[in-house]
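Each chain, letter by letter, is given below.
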Number of protein chains: 2
Amino acid sequence: MRIAELSRRSGVSVPTIKYYLREGLLPGGTTTGSPNQAAYDETHLRRLRLIRALIDIGGMSIAATREVLAAVDDPALEGHELLGIAHRAVAPARRPVPDAEAWQRARTEVDDLVARRGWYISPDAPALDKLADVVAAMRALEMVELLAVVDGYADAAEAVARHDLGTVAARMAAVPPGDPQRRAAMVGAVVLGTVLGEAMLSALRRLAQEDASARMLHAGRTGPGSADGTAGAGPQRA
Amino acid sequence: MRIAELSRRSGVSVPTIKYYLREGLLPGGTTTGSPNQAAYDETHLRRLRLIRALIDIGGMSIAATREVLAAVDDPALEGHELLGIAHRAVAPARRPVPDAEAWQRARTEVDDLVARRGWYISPDAPALDKLADVVAAMRALEMVELLAVVDGYADAAEAVARHDLGTVAARMAAVPPGDPQRRAAMVGAVVLGTVLGEAMLSALRRLAQEDASARMLHAGRTGPGSADGTAGAGPQRA
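Residues numbered from 1 in each chain as written. Chains lettered and ligands numbered in written order. Predicted model: local features only at pLDDT ≥ 70, side-chain atom pairs only at ≥ 80, totals over all residues. Heavy atoms only, no water.

Engineer: Honestly, the overall build of chain A in this entry has me stumped. Any pointers?
Structural biologist: Scanning chain A from N- to C-terminus turns up 10 helices and zero strands. Mapped from its N terminus to its C terminus, chain A presents α and β elements in the order α-α-α-α-α-α-α-α-α-α. The proportion of buried residues among the 238 residues of chain A is 48%. A separation of at least 24 residues holds for 54% of the contacts in chain A among residues at least 6 apart in sequence. About 10900 Å² of surface is accessible on chain A, with carbon and sulfur atoms providing 54% of the total. (Helix = DSSP H or I, 4+ residues; strand = E, 2+ residues; numbered from the N terminus. Buried < 20%, exposed > 50% of the residue type's maximum accessible area, 1.4 Å probe, protein only. Contact = heavy atoms within 4.5 Å. Areas by Shrake-Rupley, 256 points an atom, 1.4 Å probe, with all protein chains shown as cover.)

Engineer: In this structure, what is going on with the packing of aromatic side chains? I would like to understand it.
Structural biologist: Here a ring pair, both rings aromatic, is described through the centre-centre distance and the interplanar angle of the planes. Evaluated as defined, the whole model comprises two aromatic pairs over all chains. Summarising the aromatic geometry, the rings of Tyr19(A) and Tyr20(A) are spaced 6.1 Å apart at their centres and angled 45° between planes, so their arrangement reads as tilted. (Phe/Tyr/Trp six-rings, centres within 6.5 Å; stacked < 30°, edge-to-face > 60°.)

Engineer: Would you mind going over helix α4 (residues 62–73) of chain A with me for this structure?
Structural biologist: Think of an α-helix as turning once every 3.6 residues; residues three or four places apart then point the same way. For α4(A), spanning 12 residues, the distance from its first C-alpha to its last is 16 Å, which sits close to the expected 16 Å at 1.5 Å a residue. Those residues of α4(A) lying buried are Ile62(A), Ala64(A), Thr65(A), Val68(A), Leu69(A), Ala71(A) and Val72(A). (Expected span 1.5 Å × (residues − 1).)

Engineer: Just checking my understanding: could you explain the interface of chain A and chain B for this structure?
Structural biologist: Contacts between the two partners involve 93 residues from chain A and, on the opposite side, 93 residues from chain B. Buried area between chain A and chain B, both sides added, is near 9400 Å², and the carbon and sulfur share of it is 69%. For the chain A face of the interface with chain B, the top three residues by lost area are Tyr120(A), Tyr153(A) and Arg206(A), together amounting to 10%. In this structure, the connection of chain A to chain B is made through six salt bridges. (Buried area = accessible area lost by both parts, 1.4 Å probe. Salt bridge = Lys/Arg side-chain N within 4 Å of Asp/Glu carboxyl O.)

Engineer: Looking at this structure, I do not really get the relation of the copies chain A and chain B. What am I missing?
Structural biologist: Two copies of a chain can be linked by a rotation about an axis combined with a shift along that same axis. Overlay of chain A on chain B (RMSD 0.0 Å): rotation 180°, translation along the axis 0.0 Å. The relationship between the two copies is best expressed as a two-fold rotation axis. For chain A, the residue whose C-alpha comes nearest the rotation axis is Ala156(A), separated from it by 2.5 Å. Take the interface residues of chain A: 100% of them recur as interface residues in chain B, which is what a same-surface contact looks like. (Least-squares fit on C-alpha atoms with pLDDT ≥ 70 in both.)

Engineer: Can you walk me through the pattern of salt bridges in this structure?
Structural biologist: Think of it this way: side chains of opposite charge can pair up when their charged atoms draw near. Across all of its chains, the model carries 34 salt bridges over all chains by this definition. Asp155(A) serves as the salt-bridge partner of Arg117(A), at 2.6 Å between the closest nitrogen and oxygen. In this pair, Arg117(A) is assigned in helix α6 (residues 100–117) and Asp155(A) in helix α9 (residues 150–174), connecting sequence segments 38 residues apart. A residue is classified by how much of its surface remains accessible, and Asp155(A), at 44% relative accessible area, is partly exposed. Glu198(A) is the partner of Arg205(B) in a salt bridge, and the nearest nitrogen-oxygen pair spans 3.9 Å. Pair noted here: Arg205(B) is in helix α10 (residues 180–222) and Glu198(A) is in helix α10 (residues 180–222), and the two residues belong to different chains. Of the residues examined, Arg205(B) reaches a relative accessible area of 1% and is grouped as buried.

Engineer: Teacher, can you tell me more about empty space enclosed by the protein here?
Structural biologist: By rolling a water-sized probe across the atoms, one finds the places where empty space is left. Within the structure shown, the criterion is met by five cavities of 30 Å³ or more. Roughly 50 Å³ of volume is contained in the largest cavity. In terms of lining residues, the largest cavity is bounded by Arg206(A), Leu207(A), Glu210(A), His87(B), Arg88(B), Ala125(B), Pro126(B) and Ala127(B). Looking at the lining of the largest cavity, the elements that each hand over two or more residues are α10 of chain A together with α5 (79–90) and α7 (126–140) of chain B. Sorting elements by how many residues they give to the lining of the largest cavity places α10(A) first, with three residues. Tallied by class, the residues present in the lining of the largest cavity amount to four nonpolar, one polar and three charged. Considered as a void within the structure, the second largest cavity measures approximately 40 Å³ in volume. Lining the second largest cavity, in full, are Asp164(A), Thr167(A), Gly193(A), Gly197(A), Met200(A), Met138(B), Leu146(B), Val149(B), Tyr153(B) and Arg205(B). Contributions of two or more residues to the lining of the second largest cavity are made by α9 and α10 of chain A. Among the elements that make up the lining of the second largest cavity, the one with the highest residue count is α10(A) (three residues). For the lining of the second largest cavity, the per-class residue count stands at five nonpolar, three polar and two charged. (1 Å grid on protein atoms, 1.4 Å probe; cavity = no way out; pocket = protein on both sides within 12 Å on 5 of 7 lines; lining within 4 Å. Points joined across faces, edges and corners; volume = space filled by probe spheres on them. Nonpolar A, V, L, I, M, F, W, Y, C, P; charged D, E, K, R; others polar.)

Engineer: Whenever I open this one, the nonpolar core confuses me. Can you help?
Structural biologist: The nonpolar side chains of a soluble globular protein tend to be buried, and buried together. The biggest cluster of nonpolar side chains holds 133 residues, and the ones touching the most others in it are Leu204(A) and Leu204(B). Those residues within four positions of Leu204(B) in sequence are excluded, and the remaining contacts are Leu113(A), Trp119(A), Leu131(A), Val150(A), Tyr153(A), Ala154(A) and Ala157(A). Listed in part, the nine residues of the second largest apolar core include Leu77(B), Leu82(B), Leu83(B) and Ala189(B). (Core = buried A, V, L, I, M, F, W, Y, C linked by side-chain atoms within 4.5 Å.)

Engineer: How do you make sense of the packing of helix α4 (residues 62–73) of chain B against α5(B) when you look at a structure like this?
Structural biologist: A pair of packed helices is captured by two measures, namely the crossing angle of their axes and the spacing between those axes. Residues and elements named next belong to chain B. For the pair α4 and α5, interaxial distance at closest approach is 9 Å and the crossing angle is 175°. With respect to α5, the element α4 is oriented roughly antiparallel. On α5, the residues that touch Ala-64, Glu-67, Val-68, Ala-71 and Val-72 of α4 are Leu-82, Ile-85, Ala-86 and Ala-89. For the contact of α4 with α5, a count of residues per class yields eight nonpolar, no polar and one charged. (Axes fitted to C-alpha atoms, helices over the stretch in contact; angles between N-to-C directions. Parallel < 35°, antiparallel > 145°, perpendicular 65-115°, else oblique.)

In structure tokens form, the structure reads like this:
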């Protein structure tokens, strides 16, 4: 197909597609007789959709997207390494911490948590520093009650990770070894599971919070008996 | 204290503090004899730490931070409304969707999920549209297996929301009604619970994913018997 049809089917404008071509995110089309008339196929369409999911849903920069796509394209990388690259790419740049000593104490708390959970984590995993940032901020803001929920959150995170890895395993099992689709299946599950899964969990947490808050408010106004949601007098359902 | 000491204690540079003053995020200090020598107190320090947590950890823009702080400062707003404002402020701007019809189908799936879970959600909650974006992207990328985990994720989100609301309740219970600290406690728990809690859950999910992936990799190499983490031969612990 021509670039105009690729644009129409992907919903990505022609100038943006040309930008992705220049930036090396999207491989060039097959050149035809005329110099401005490259031909594109379904692989370009799928790649464009992947790029847009990483940028629009994952909020990733062009540079981070390029890094993830390079890893996706590298046949030497397997699932576990790909996950690390995806995690590093989606980790936003950290700002310098105001109080280095307090941060180091928070980082030690994070190491203690990892040891307590028995988690196998690479010592340079960016999520360790990110979690230390959060812990240090909670302490600086005297919000130590929030730290009491960390093990409850960790339980939820483990449940979610089991679902994630189950999805990868299911995708792998569906494609026989040696099939070129097997790698694409794994890559998709790992990269998109990281990015789209995070956006999904964030949206669901907000919805569950709103529901819990609405029930609490409702209970406060009319007594706890009506907080079970059966009264039909609660906030409007979506 | 003078601005130099406020800068030293908060770790925020003097030019940045002056920028927050100009932007109205930080109230001005008490003017002293000399025009350039305003005096600041502990409330300014706490406010600066709150601003930095929202910006650095929550990734919020100056405009979104101003909106949340205005809500925090409005005594007419109570917990449930504040939560809604915090959710709207932390929701990044959505890009137009490429396929409006496919998106509408995804939005219907989200409404079905909300009905299935029995959640009380305002119909204009931004998380509904955000979740529809994710569902539409998963369908466009033919990653429908990822949609199978949505109820597992929703279970985890509910567990997390119960922890969040429990924290708010604990903070409220610790301060008697009528105490001006009560409002500050509630506001802190709601706003920071939203922002810091999200960053905490995101970091924990990545750590739990890395652990689950390491165990899967380890199991694949040496047999499933050693995947329980007791062998001591797994990846390095942090």
